[in-house]
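Geometric and topological summary
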Amino acid sequence: MDRRLITMGIVLSGLLLTGCVSNKRYTTLQTQHRELSERYQQGQMELAESRAKVKSLEEQLEYERKNNASLKEALSRLQGSLDLSISQNTQGNVNISKLVDEINASNRYIQHLVNTKNKSDSLNLVLTNNLTRSLSRDELRDVDVKVLKGVVYISLSDNMLYKSGSYEISERAGETLSKIAKIIQDYKEYDVQIEGNTDTDPISKPNIRNNWDLSTLRASSVVQALQQQYGVDPKRLTAGGRGEYNPIADNSTPEGKARNRRTQIIITPKLDQFMELIDKAPESAKDTTGIDTSF
C-alpha cells in the first residue's frame with residue numbers, strides 16, 4: 001500500500017512539473033491519492049487492533065493451559081493420597097470396598113468441579129466477547145475488558161464516565177453503560193461489584209473530604225444508574241471505593257494518573273454457588289479424613 005502511495009505522489013509531482021496534464025486529470029489523481037492514504041491509515045488501525053486481540057486471546061489460552069495443568073496435578077495428588085491410605089489401612093483390616101467407593105466419590109467430585117469451572121470460563125469468554133463486540137471503536141478507547149482468574153473486569157476511564165472533578169455521571173457515558181447493563185442483565189447468575197479508584201492528587205470540594213469519599217461516591221453513582229436507569233436488580237450490586245490505594249500505574253506522570261482514575265465493574269459468580277459446591281463434596285474429599293485435598 002505505501003509503495004502505491006509513493007508512486008502516486010511521484011506521478012503527481014512529475015505531471016505538475018511538466019505541465020502536461022489537465023486540471024481535471026490532476027484533481028482526479030489528487031482524489032485517488034487522498035483515498036489511498038485514508039485506506040492505508042485505516043488498514044494500519046485495523047492491523048493494530050487485530051494484533052491486540054490476538055495477544056489477549058494468547059494470554060487467555062496460556063492461563064487456561066496452566067490452570068488445566070494445576071487441576072491435573074491436584075487430581076494426581078489426591079489419587080496418590082487415597083492409594084496410600086488404602087495400602088496402610090489394609091494392614092488394619094479396613095473394608096477395601098468402602099475405600100474404593102470413597103475414591104470414586106472423590107473423583108466424581110473433582111470432575112464436577114472441573115466441569116463447573118470450564119462452564120464458568122466459557123460463560124466469561126462469551127460475556128467478554130459479547131460486550132467487546134457491542135462497543136464502538138471510540139468506546140473501546142475508554143473501556144478495557146479482561147478476564148483474570150475466572151473474574152470479568154470492565155475498567156472505565158473517569159473522563160468518559162464522570163463530569164470533570166465530580167461523581168455525577170456524564171451524558172456521554174449513558175450509551176456505554178446501557179450496553180454494559182444489557183450484558184449484566186443477560187447473565188443473572190453473576191454478582192456485580194462497582195469499585196472506584198483515584199490518583200494521588202488531593203480533592204478539594206466542600207462536600208467531599210478526600211479520595212476515599214470521591215471513589216466511593218463515584219462507585220455509588222454507577223450502582224444507582226444501573227439500578228434506576230437500566231433495571232439491574234440492586235441485590236446483585238455492591239459499591240465500594242479504594243481511593244488512591246490500588247494504582248495500576250505510576251502517579252508521577254499525567255498518563256499514569258489518568259490510568260489510575262478509573263471505575264471497575266467486576267462480574268463474578270455468586271458466592272452461594274461456591275458454597276453449594278462445598279456442600280456437595282463427599283466426606284472423603286473434605287478435611288475430616290486428614291487427607292490433603294487442596295487444589
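Residues numbered from 1 in each chain as written. Predicted model: local features only at pLDDT ≥ 70, side-chain atom pairs only at ≥ 80, totals over all residues. Heavy atoms only, no water.

1. A closer look at helix H7 (residues 211–228)
Stated formally: Think of it this way: any DSSP run of H or I at least four residues long counts as a helix, any run of E at least two long counts as a strand, and we number them from the N terminus. Any helix carries an expected span of 1.5 Å times its number of residues minus one. Contacts were defined at the residue level, with two residues in contact if any of their heavy atoms lie within 4.5 Å.
Between its first and last C-alpha atoms H7 spans 25 Å; for 18 residues at 1.5 Å apiece the expected length is 26 Å, and the two agree. Those residues of H7 that are buried are in contact with helix H5 (158–161), helix H6 (173–186), strand E3 (190–197), strand E4 (237–241) and strand E5 (262–269).

2. Some words on the confidence of the model for the protein
Predicted coordinates in areas of low pLDDT are best not read in detail. Here is the rule: pLDDT: the predictor's confidence for each residue, scored from 0 to 100.
Confidence along the protein averages 76 in pLDDT terms, with 69% of residues attaining 70 or more. Below a pLDDT of 50 lies the segment residues 273–282, which in the model reaches 16 contacts outside its immediate sequence neighbourhood of four places, other chains included. Confidence drops under a pLDDT of 50 for residues 284–295, and excluding neighbours within four residues, the segment shows 27 contacts in the predicted structure.

3. A few points about the pairing of strand E1 (residues 143–148)
Test applied: When DSSP finds two or more bridges between two strands, those strands count as paired.
Two strands pair when backbone bridges link them, and E1 and strand E2 (residues 151–157) are joined in this way by six bridges, in the antiparallel orientation. Across the sheet, residue Lys146 finds its bridge partner in E2, namely Tyr153. Connecting E1 to the next strand, E2, in antiparallel fashion are two residues, including Lys149 with a positive phi near 55°.

4. Topic: the sheet that holds E1
Here is the rule: Axis definition: a line fitted to C-alpha atoms, limited for helices to the stretch in contact. Angles are taken between N-to-C directions and run from 0 to 180 degrees.
Pairing is mixed across the open sheet formed by five strands, whose spatial order is E1-E2-E5-E3-E4. Across the chains shown, the open sheet's two edge strands, defined by having one partner strand only, are E1 and E4. The mean angle between the axes of side-by-side strands here comes to 20°, regardless of whether they run parallel or antiparallel. The sheet contact formed by E2 and E5 spans six bridges and is antiparallel. Of the residues in E5, the one forming a bridge with Leu156 is Thr263. Contacts between H6 and the sheet are confined to E1, E2, E3 and E5, with E5 contributing the most and set at about 10° to the helix. With respect to the sheet, H7 is in contact with E3, E4 and E5, its orientation differing from that of E4 by roughly 160°.

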